[in-house]
Each structure stands twice: as C-alpha cells, then as structure tokens.
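Secondary and tertiary structure notes
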Amino acid sequence: MYKIITDGAAKIKAFSGEITKKDEVFYNPKMKMNRDISVIALNVFQGTRDRDIVVGDMLSATGIRGIRYCLECKNIKSIIFNDLNPNAIKLINENITLNKIKNATVLSLDACEALSRYKFLIDYVDIDPFGSPIQFLDSAARAVSNKGLLGVTATDTAPLSGTYPRAALRKYGAVALREDIKHEVGIRILLANIARECAKYDKGFNPVLSYFHEHYFRVFGTIKKTRSSAELNIKNTGYVAYCKKCGFRELTKEKISICDCGEKIINAGPLWIGSIFDNDFCKNASKKAKTFDAKKLLETISLESEKNCLFYDIHYLSKIKKKAAPKTEKILEHLKKQGFFASRTHFSPTGIRTDAKAEDIIDFI
Ligand SMILES: C[S@@+](CC[C@H](N)C(=O)[O-])C[C@H]1O[C@@H](n2cnc3c(N)ncnc32)[C@H](O)[C@@H]1O
Ligand SMILES: [Zn+2]
C-alpha cells in the first residue's frame, strides 16, 4: 500500500510494508539514518564550495534522497533523478510536485548510461544501489566534477567483510578478512576500488567520511582532477597485514610474509591505507547532526578520525591472552598515559583505535 510518509524535511508518497513484487518502488525507513548522514555530508561539503552545485541521485527509487537534498541543503542549482524502474519514475514525478522541487531532470536509464551523459559535470554523485555499487563506480568516477563529492553505499557487507571471500575477489579484486577488523577492512577495499576508478580519469579521491552501520557501508570522498592527486590514489593503496596468532596488524604498502611471532601473515587487500576520514570534515559533520543516532555515530567518528591507524577488539585480544579484559575505558586511559593515540571506534563497542602495538594492550590485560 502506498502512503504519505515523512522522512527528514520531505513528505513523500512511498510503499509502506514489505516489498513483494519486483515492480514495486523501493523505500526503506531503516535507511533514514543513511539519508540523514548524507544530508549532513552534503551540507559540510557545500560549506567548502563557493558556487551552486548540480546533484545526481542516480538510483532514486521514490526520489526521497534527492528531494531531501533539495529541501535540506543550500545552493543546489539543479538535480538529476534516475531509476530503471518505470513505476519509480511515476512516483518520483509525483513526489517532486508534492515537495515543490524546481530544476529537476528525471531519467529512466541504467545508472551507468545516465552518468555517461554528464562527463565531469555532476558536483555530487550519489550511488545508493541494492547490494554492490561496483558496476556503477567507473561511470560515477567519470561523471563527478573537479572539486566534486562522491557518496557511495554498499550493502554487500558479507563479501567485503570476508564471509564470501571468492565474491570479494571476483567483484573487488581483493582478499577480505574475517577477523575483528573485518568491517574496516571491507570499507578500505571499497575505497581502494573507488580510488582506482577515479585514477583512470586523473582524478584524486580523498575519503572524508566512511562508516559502517547495521548492514551497510557508506563512504564519501572529494575529487581533485590533477595527475598528482590521482597518483596519491595509487600511493594510498596497499594491504592490512594481519596475524591471527598474536593480534599484530598494520597498514602496509608492501605485503609481509611472516610475523615476528613466527606465524604466517594474512595480507588483506589491495585496500585503502590512507585515512578513511578527514578530521575537520567529521568534526563539522558531528556539529550538524540533529538526531540522537547520527550525533552518537558522528561524535565517535570525529574522535577516531584524528589518527590513521587500525583498531583492536578488546575481546579478541583477551582471547589471545586467555584472560578477561579490563573495561575498555581503563585500557583507553592506560594507552593515553603511555603517550599513544587511543580512541573508541564506531566499528565496535569494544574496539580501540590506537597506534599502540597488540602487545602493548595484551601486556596490560
Ligand atoms: C536501494 S534502491 C534506492 C533507494 C533510494 N536511494 C533511497 O534512499 O530510498 C535502488 C534503486 O535502484 C534501481 N536500480 C537498480 N538497478 C539499476 C540500474 N542499473 N540503473 C538505474 N536504477 C537501477 C532500483 O529500481 C531501485 O529503485
Ligand atoms: Zn604474530
């Protein structure tokens, strides 16, 4: 049944209940948090721009995302909505009228074809597909403008986080990791794939905000069209070297074969070894958050974004030590006293992002 629902500042007509038929138009109220954070990210980005922008909501469904951008973000010159489902197009048009959206173009094409019409012309490209975004990344990287922003959702967290390693290898050309830091490794694999696609067009990709929530990954990165920026995409691609026996982990440009403890190292990747956040961007985003959940998530992210290092799950390290771990807060205090960077991470309630070594934490447990 179709109903009028509220999502952020928008009132739209959307299917309420379980989607059973292929031609029904997708709307997931649980993804409101994704849209809330995307609105915040676009607002932070626009704070850095001095002109009106073109937005591309390339997998629109009801149009809710693009409509919210128009209602909740300033300085939008025009917007492109696109969806392959003809029923979505009817609904997008109705919802545009309902929300009095101006300067909208509505397309019903494969997203890659739609993006191909706008080479280097869309200032903010939003890719929000079912499952993996991989098939859209080349076209998105081409369409995004110099100094633009790219936002990508991936709901295929299982392959990216090591549950289906063959699928990760096929789709993302990378070895995933099924250990405590599996979700961060998944995000880093996704970022490296985006950066690779951007590099083809001499575009640098700089991740500004990346997060994992419930069943999806969402990443945002800014684009700079110079050869030297694109070179950084390659420089920032490497591996996570990981030892299951002693807890060692490291972001590394080259693969490592044997751990100091004698165990064989797993080299997950290729993946993004640069920062997955921009500290200023995340701090600004955190200040703009209005809902409790978005605030909580972005406050943690703005703390962990201060340093590009990996995190450790304390439960995981306590299993290695075969001893119950002290409270996470106590370990954080101890590491900071020792002069290490240490913060909580949004990836896990028992995770600590730190530049300390596994043994520094294990000794304290
Ligand atoms: C996850 S939904 C988008 C949800 C929407 N962005 C939101 O925030 O509510 C994905 C949409 O992509 C559309 N779609 C799937 N494959 C497509 C393709 N190759 N090109 C364009 N649209 C496609 C589907 O019809 C569906 O409406
Ligand atoms: Zn080891």
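Residues numbered from 1 in each chain as written. Chains lettered and ligands numbered in written order. Predicted model: local features only at pLDDT ≥ 70, side-chain atom pairs only at ≥ 80, totals over all residues.

So, the sheet that holds strand E11 (residues 249-252)
Strand pairing in a sheet relies on backbone hydrogen bonds. The paired strands run either parallel or antiparallel. One open sheet holds the three strands; their spatial order is E11-E10-E12, and the pairing between them is antiparallel. Strands at the two margins of the open sheet, each flanked by one partner only, are E11 and strand E12 (266-272). Each neighbouring strand pair of the sheet contributes to a mean axis angle of 20 degrees, computed without reference to strand direction. Taken together, the five bridges between strand E10 (residues 237-242) and E12 define a ladder with antiparallel strand orientation. (Pairing = 2+ DSSP bridges. Helix = DSSP H or I, 4+ residues; strand = E, 2+ residues; numbered from the N terminus. Axes fitted to C-alpha atoms, helices over the stretch in contact; angles between N-to-C directions.)

A look at the sheet that holds strand E14 (residues 342-345)
As summarised here, the arrangement of the three strands in space is E13-E15-E14, forming an open sheet in which the pairing is antiparallel. Each end of this open sheet is capped by a strand with a single partner; those strands are strand E13 (311-313) and E14. On average, each strand axis in the sheet is tilted by 35 degrees relative to the strand beside it, whichever way the strands run. The pairing of E13 with strand E15 (residues 348-354) spans three bridges and is classified as antiparallel. Residue Phe-311 lies in a different strand from E15, and its bridge partner there is Arg-353. Sitting on the sheet, helix H11 (residues 292-304) touches E14 and E15, and the angle it makes with E14 is about 150 degrees. On top of the sheet, helix H12 (residues 314-321) reaches E13 and E15; it is set at about 60 degrees to E13, its chief contact. (Contact = placed C-beta atoms within 7 Å.)

Digging into the domain arrangement of the protein
Assigned domains within the protein: domain 1 (2-304) and domain 2 (311-364). On a C-alpha basis, the centroid separation for the pair domain 1 and domain 2 is 29 Å. Elements that contribute at least two residues to the side of domain 1 that touches domain 2 include exactly helix H8 (182-200), strand E8 (204-213) and H11. By residue number, the principal contributor to the side of domain 1 that touches domain 2 is H11, which donates five residues. Along the lines of polarity and charge, the residues of the side of domain 1 that touches domain 2 split into eight nonpolar, three polar and three charged. (Domains from an automatic or database assignment. Nonpolar A, V, L, I, M, F, W, Y, C, P; charged D, E, K, R; others polar.)

Overview of the packing of helix H10 (residues 279-288) against H11
Helix packing for two helices is described by the angle between their axes and how far apart those axes are. Two numbers describe how H10 lies on H11: the axes approach to 8 Å, and their chain directions differ by 155 degrees. Looking at the two axes, H10 sits roughly antiparallel to H11. Taken as a pair, H10 and H11 cross one another with a handedness that is left-handed. Only Leu-298, Glu-299, Ile-301 and Ser-302 of H11 make contact with H10, whose side of the interface consists of Cys-282, Lys-283, Ala-285 and Ser-286. For the contact of H10 with H11, the per-class residue count stands at four nonpolar, two polar and two charged. (Parallel < 35°, antiparallel > 145°, perpendicular 65-115°, else oblique. Left-handed = near helix turned anticlockwise from the far one by under 90°.)

Describing helix H5 (residues 134-143)
Counting buried positions along H5 yields eight of ten residues, so the element is predominantly enclosed. For H5, every residue scored as buried is listed here: Ile-134, Phe-136, Leu-137, Ser-139, Ala-140, Ala-141, Arg-142 and Ala-143. Elements that come into contact with the buried residues of H5 comprise strand E3 (53-57), helix H4 (111-116), strand E6 (122-127), strand E7 (144-154), helix H7 (165-172) and H8. (Buried ≥ 20, exposed ≤ 12 C-beta atoms within 10 Å, placed from the backbone.)

Describing the pairing of E11
Strand direction decides the pairing type here: E10 and E11, joined by four bridges, are antiparallel. Looking at E11, one finds that Val-240 is bridged to Leu-251. Counting the residues in the hairpin turn of E10 and E11 gives six residues, including Gly-247, whose phi is positive at 90 degrees.

Brief notes about the nonpolar core
Ranked by internal contacts, the top residues of the largest apolar core, which has 113 residues, are Ala-140, Ile-189, Ile-194 and Leu-271. Per-element accounting of this core gives the leading share, ten residues, to H8. Among the domains, domain 1 (2-304) and domain 2 (311-364) are the pair contributing at least three residues each to this core. (Core = buried A, V, L, I, M, F, W, Y, C linked by C-beta atoms within 7 Å.)

Concerning the site of ligand 1
Among the 20 residues in the neighbourhood of ligand 1, the closest are listed as Leu-59, Ala-61, Leu-84, Ala-111 and Asp-128. For the shell around ligand 1, the residue count by class is eleven nonpolar, four polar and five charged. (Near = placed C-beta within 6 Å.)

Details of helix H3 (residues 86-98)
An ideal rise of 1.5 Å per residue puts 18 Å on 13 residues; H3 measures up with 19 Å between its terminal C-alpha atoms. Burial in H3 covers these residues: Ala-88, Leu-91, Ile-92, Asn-95 and Ile-96. Down the axis, H3 shows its buried residues gathered within 140 degrees of arc, on one side only. Along H3, the residues that are exposed and aim more than 90 degrees away from the buried face are Pro-86 and Thr-97. (Expected span 1.5 Å × (residues − 1). Arc of directions from axis to C-beta.)

Brief notes about unusual backbone geometry
A cis geometry characterises the amide bond from Gly-269 onward to Pro-270, with omega recorded as 5 degrees. With respect to the helices and strands, Pro-270 occurs in strand E12. Despite not being glycine, Lys-147 shows a phi value in the positive range, around 65 degrees. Within the secondary structure, Lys-147 is located in strand E7. Given 16 C-beta atoms within a 10 Å radius, Lys-147 is considered partly exposed. Of note in this structure, Glu-214 is not a glycine but carries a positive phi near 50 degrees. Here Glu-214 shows up in the loop between E8 and strand E9 (216-224).

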